[in-house]
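Here's the letter readout for the chains.
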Amino acid sequence: MGAHPKADSGILLDQISDKTLGAWIQKNPQSLGTKVQERFKGKLPFLFKVLSVRTALSIQAHPDRELAVRLHTQFPEHYPDANHKPEMAIALTPFTGLCGFRPVSEILDFFSGVPELLALVGPDSVQGLKSSLGDLDQTRAALKTCFSRMMRSDSDLVKTQLQALVHRLSEEGKPSPVDSLLLTLYTQFPGDIGCFCVYFLNLIELQPGEAMFLRANEIHAYLYGDCIECMSCSDNTVRAGLTPKFLDVDTLCEMLDYSPSPAHSKLFPCRRDDQDPHVTLYDPPIDDFSVIRIQVPAELKSYTVAALDSGSILLVISGSARCTSHSDITLKRGSVFFLSANQNLPLEVTSSLELFRACCLL
C-alpha cells in the first residue's frame, strides 16, 4: 500500500478519475501536508504492508541512502530506486524473526559446540574474535571476518557441513531451540548457507502489538507469523540466503552493522497517546514514517480518527464502522483508505475496531 512506481496502489472509488494513488497525489500534493510535501518533494514517503509468513523470508538488509544511490546507479535491474529502506514490523500474531548479531559470548559458544559451523568459519577467525574482546571496533571487525568467511564458503562445503549437522542433530535428539530452528530452515531451504545464520543472529519472538525497528544495514530475516510492516518508499533489498531470488553476498557482508547486542535490545518500544487512550504510537527515529494503532471498543459507538498534518494510509484489521461524513464509506476487515492531511474521519462504530495508520510525523 503506497505510491512506489513498481506497485502504485489502485483507487477503487468510481468518483475519482485517477486510478492510482501516486497519480492522485501528484495532482493533489496538498494531501501530503505542508511539511511532508516540502521534505519529500511531493512524494508519499512510506510503504505499508501486511506480511503473512509461513516460509522464512530471506537473510537480508536494506541500504542507507549513500549505498542505495550507488547500487541503483550500478545495478538498477536489482536495486530499482535510490532511496534507503529502514522498516518496522509490528506483530499481529506471535511472530518470529532474526535480527542483528548476537552477543559475542553466545556466538563463541556456538563455535565451540557446533563443529560444522567452525569448519566454515575457521579456527583462525574464531581466535581473532576471542582476541578482540574488550575493544568494540576490533570486535566488529573480527565478527565481520567470521561472518563473511562463513557466507563466502564454497557451496559444496556448505552442503556437506549442513548435511552432517542435520544428521548429527537428528541422531542426538532433543535439539536446542536454535538447533530446532536450523532443522526447520533446512526443510525449507536444504543446502542453503542461510541456515547457519541462526548461530550468528538474535532470535526475536514478538507478541501481538510488539515491534522491532530495522535500521539501514541491519541484518534480519522474518521466519513465521503475521505482521504489519511499514518502511520508507523503496524496494531495495540486499539478499544473501534463504531465497531463490538474486543474491549479493559480497555487498551484504560489506554493508552490515556488526555491532553485537542482546535480543531484547531489538524490541522497539511503543507508547500510549496522552490525549487519546485508544491510540498507541510507534515512532521510530527517522523522518519517513510512523505507525499508529487504534483500538476502539464497540461500546464507544462513535469515534473520530484525528486529523494530522500528514497524508495517512489506514488499514482495518478487525471490526466495522461507518463514516458519518461520507455515508457510502464503510470500514471492515481488510479495508484500506488514504486520508488526506488535516482531515479527520468521524466514525459510527458497529463492532470493536482495530486499525493501523501509517503517517509521517515531522
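Here's what I pulled together on the structure shown here. (Residues numbered from 1 in each chain as written. Predicted model: local features only at pLDDT ≥ 70, side-chain atom pairs only at ≥ 80, totals over all residues. Heavy atoms only, no water.)

**Side note on the overall build of the protein chain**
Rules: Note on conventions: DSSP H or I runs of at least 4 residues are helices, E runs of at least 2 residues are strands, and numbering of each starts at the N terminus. Note that the radius of gyration is over C-alpha atoms, with the globule rule given as 2.2 Å times the number of residues to the power 0.38. Per-residue accessibility, obtained with a 1.4 Å probe over protein chains only, is compared with the maximum for each type, and a residue is labelled buried under 20%, exposed over 50%, and partly exposed between these values. Whether two residues are in contact is decided by their heavy atoms, any of which lying within 4.5 Å being enough. Using the Shrake-Rupley algorithm and a 1.4 Å probe, accessible areas are obtained, with residue cover drawn only from the displayed protein chains. Under the counting rule used here, the positive set is Lys and Arg, the negative set is Asp and Glu, and His together with the chain ends is not counted. Where a charge lies is defined by one atom per residue type: Lys uses NZ, Arg uses CZ, Asp uses CG and Glu uses CD.
Each helix and strand in the protein chain was counted, giving 10 helices and 17 strands. A compact globule built from 362 residues would reach a C-alpha radius of gyration of about 21 Å, and the protein chain, at 23 Å, matches this within 12%. Projecting the C-alpha coordinates of the protein chain onto the three principal axes gives extents of approximately 70 × 45 × 35 Å. Within the span of the protein chain, comprising 362 residues, buried residues form 52% of the whole. Put simply, 75% of the contacts in the protein chain that link residues at least 6 apart link residues at least 24 apart. Total accessible area on the protein chain is roughly 16400 Å²; 52% of this is exposed by carbon and sulfur atoms. Of the charged side chains in the protein chain, 33 are positive and 42 negative, and the gap between their average positions amounts to 3 Å.

**A few points about the packing of helix 4 (residues 104–113) against helix 6 (residues 123–132)**
Quick reminder of the rule: To obtain each axis, a line is fitted to C-alpha atoms, and for helices this fit is confined to the stretch in contact; angles are then taken between N-to-C directions over 0 to 180 degrees. Under this scheme an angle from 65 to 115 degrees is roughly perpendicular, one under 35 degrees roughly parallel, and one over 145 degrees roughly antiparallel; angles in between are oblique. Crossings are sorted by hand: turned counterclockwise from the far helix by less than a right angle, the near helix makes the crossing left-handed, and turned clockwise it makes it right-handed.
Helix 6 packs onto helix 4 with a crossing angle of 150 degrees between their chain directions and a minimal axis gap of 11 Å. Classified by the interaxial angle, the pair formed by helix 4 and helix 6 is roughly antiparallel. When you trace helix 4 past helix 6, the crossing you get is left-handed. Of the residues in helix 6, those touching helix 4 at Val 104, Ile 107, Leu 108 and Phe 111 are Val 126, Leu 129 and Lys 130.

**What to know about the pairing of strand 17 (residues 345–359)**
Inclusion rule: One requirement defines pairing of two strands: DSSP has to find at least two bridges between them.
Across the 15 residues that make up strand 17, a large majority, 11, are buried. With seven bridges joining them, strand 12 (residues 290–296) and strand 17 adopt antiparallel strand pairing. Residue pairing for strand 17: Ile 294 is matched across the bridge by Leu 355. As judged from the four bridges shared by strand 13 (residues 302–305) and strand 17, these two strands associate in the antiparallel manner. Residue Ser 302 lies in a different strand from strand 17, and its bridge partner there is Glu 348. Of the pairings in the sheet, the one linking strand 14 (residues 312–323) to strand 17 comprises nine bridges and is antiparallel in character. Its bridge partner lying in strand 17, Leu 315 is registered against Phe 356.

**Section: the nonpolar core**
Just so we agree on the cut-off: Side-chain atoms within 4.5 Å are what join buried Ala, Val, Leu, Ile, Met, Phe, Trp, Tyr and Cys residues into a set we call a nonpolar core.
Core analysis: the biggest nonpolar cluster contains 56 residues, and Phe 111, Leu 117, Phe 147, Met 150, Leu 182, Tyr 199 and Phe 200 have the highest contact counts within it. Once residues within four sequence positions are removed from consideration, Tyr 199 is found in contact with Arg 102, Ile 107, Phe 110, Val 114, Leu 117, Leu 165, Leu 169, Val 178, Asp 179 and Leu 182. Counting 26 residues, the second-largest nonpolar core is a separate cluster that includes Ile 25, Leu 32, Phe 213 and Ile 317.

**Topic: helix 7 (residues 136–151)**
Selection criterion: Between the first and last residue of a helix there are one fewer steps than residues, each counted as 1.5 Å, and that sum is the expected span. Residues adjacent in sequence count toward polar contacts only when both atoms are side-chain atoms; beyond that, a polar contact is any pair of N or O atoms within 3.5 Å, and within protein one must be able to donate a hydrogen and the other to accept it.
With 16 residues, helix 7 should reach 22 Å at 1.5 Å per residue; the first-to-last C-alpha distance of 22 Å fits that figure. Elements that come into contact with the buried residues of helix 7 comprise strand 4 (95–101), helix 4, helix 5 (115–121), helix 6, strand 8 (238–241) and helix 10 (249–255). N-capping of helix 7 is provided by Asp 135, with a side-chain oxygen placed 3.1 Å from the backbone N of Asp 137.

**Let's talk about the state of the cysteines**
The line we're drawing: Here, the term disulfide refers to a pair of cysteine sulfur atoms separated by no more than 2.5 Å.
According to the stated counting rule, one finds zero disulfides in the structure shown. Counting only cysteine sulfurs, Cys 359 is the nearest neighbor of Cys 230, a cysteine outside any disulfide, at a range of 8.2 Å. On the basis of relative accessibility, which here comes to 1%, the residue Cys 230 falls in the buried class.

**A few points about the pattern of salt bridges**
When their charged atoms lie close together, side chains carrying opposite charge are able to pair. Going by this rule: For this document, the term salt bridge refers to a Lys or Arg side-chain nitrogen within 4 Å of an Asp or Glu carboxyl oxygen.
Within this structure, the stated rule accounts for 16 salt bridges. Between Arg 140 and Asp 137 there is a salt bridge, with the nearest N and O atoms lying 2.9 Å from each other. Of this pair, Arg 140 and Asp 137 both sit in helix 7, three residues apart, which is roughly one turn of that helix. Through salt bridges with shared partners, one network takes in Lys 144, Arg 152, Asp 250 and Glu 254.

**Quick look at helix 4**
Convention followed: Arc definition: directions from the helix axis to the C-beta atoms.
Considered for burial, the residues of helix 4 that qualify are Val 104, Ile 107, Leu 108, Phe 110 and Phe 111. When helix 4 is viewed along its axis, its buried side chains cluster within an angular range of 155 degrees and face the same direction. Exposed positions of helix 4 whose direction lies more than 90 degrees from the buried face are Asp 109 and Ser 112. Tucked into the core, helix 4 has its buried residues touching helix 5, helix 6, helix 7 and helix 9 (177–188).

**What about the environment of Gln 343?**
Relative to the assigned elements, Gln 343 resides in the loop between strand 16 (336–339) and strand 17. A relative accessible area of 42% places Gln 343 in the partly exposed class. When the C-alpha atoms of Gln 343 and Gly 311 are compared, they prove to be 8.9 Å apart, with 32 residues separating the residues in sequence. In this structure, Gln 343 is in contact with Ala 306 and Ala 307, ignoring residues within four places of it in sequence.

**Observations concerning the packing of helix 6 against helix 7**
Which entries qualify depends on this criterion: Put simply, Ala, Val, Leu, Ile, Met, Phe, Trp, Tyr, Cys and Pro go in the nonpolar bin, Asp, Glu, Lys and Arg in the charged bin, and everything else, Gly too, in the polar bin.
For the pair helix 6 and helix 7, the least separation of the axes is 8 Å and the interaxial angle reads 160 degrees. With respect to each other, helix 6 and helix 7 are oriented roughly antiparallel. Remark: the crossing between helix 6 and helix 7 carries left-handed chirality. Every residue of helix 7 that contacts helix 6 at Asp 124, Ser 125, Val 126, Gly 128, Leu 129 and Ser 132 is listed here: Gln 138, Thr 139, Ala 142, Leu 143, Thr 145, Cys 146 and Arg 149. Across the contact of helix 6 with helix 7, the residue classes tally to five nonpolar, six polar and two charged.

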